[in-house]
Amino acid sequence: MSEITLKSDVTGRVWQLLKSPGDSVAEEESVMIIEAMKMEIPIASETAGRIKSLLVAEGDEVTEDQPLAILEGSHEHN
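S.K.: Mind laying out the sheet that holds strand S1 (residues 2-7), listing which residues take part and the relevant values?
M.R.: What links the strands of a sheet is backbone hydrogen bonding, and the strands pair in either a parallel or an antiparallel sense. Spatially, 4 strands are ordered S1-S8-S6-S3 in an open sheet, and the strand pairing comes out antiparallel. Strands with a single pairing partner mark the edges of an open sheet, and in this sheet they are S1 and strand S3 (24-25). Sheet topology places S1 next to strand S8 (residues 67-73); 6 bridges connect them, and they run antiparallel. The residue of S8 that forms the bridge with Leu6 is Ala69.

S.K.: How would you explain the side chain of Lys19 if you had to name every residue and give the values?
M.R.: Locating Lys19 in the fold gives a position in the loop between strand S2 (12-17) and S3. Taking relative accessible area as the criterion, Lys19 reaches 15% and is therefore assigned buried. Here the side chain of Lys19 touches Ser24 through a polar contact of 3.3 Å, landing on its backbone oxygen. For Lys19, the side chain forms a polar contact with the side chain of Glu29, separated by 2.9 Å. Contacts of Lys19, omitting those with residues within four sequence positions, involve Ser24, Val25, Glu29, Ser30, Val31, Ile51 and Leu54.

S.K.: Please provide a residue-by-residue account of the environment of Ser53, values included.
M.R.: Locating Ser53 in the fold gives a position in strand S6 (residues 49-54). In the structure, Ser53 is positioned 16 residues away from Ala69 in sequence and 5.7 Å away in space, judged by C-alpha atoms. With sequence-adjacent residues up to four places away left out, Ser53 is seen in contact with Pro21, Ala69 and Ile70.

S.K.: Give a description of the side chain of Ser45 that names residues and reports values.
M.R.: Topologically, Ser45 is positioned in the loop between strand S5 (39-44) and S6. Excluding residues within four positions of it along the chain, Ser45 makes contact with Leu6, Val25, Ala26, Glu27, Glu28, Glu29, Val31 and Leu71.

Analysis parameters
- Residues numbered from 1 in each chain as written.
- Predicted model: local features only at pLDDT ≥ 70, side-chain atom pairs only at ≥ 80, totals over all residues.
- Heavy atoms only, no water.
- Pairing = 2+ DSSP bridges.
- Helix = DSSP H or I, 4+ residues; strand = E, 2+ residues; numbered from the N terminus.
- Buried < 20%, exposed > 50% of the residue type's maximum accessible area, 1.4 Å probe, protein only.
- Polar contact = N/O pair within 3.5 Å; in protein donor to acceptor, adjacent residues only side chain to side chain.
- Contact = heavy atoms within 4.5 Å.

This is the structure:
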């Protein structure tokens with residue numbers, strides 16, 4: 001397994017966490033929602049895997065390219 005860092009695409013505020021550490025995620029599944037300029041911007045996993053840790057909490061201010069979460073990606077191929 002490899003570690004993947006999810007980063008913010010925008011400067012804004014963490015509006016909602018959709019996943020918790022230990023949760024599984026599918027490729028392109030939303031992990032959290034950032035509110036910026038009165039828009040809700042989902043932050044999605046780049047790969048299937050598991051949430052290792054969240055680096056932010058709901059209500060936190062974030063900047064563009066700030067690390068938000070660490071995922072353990074799975075490299076299983078069917």
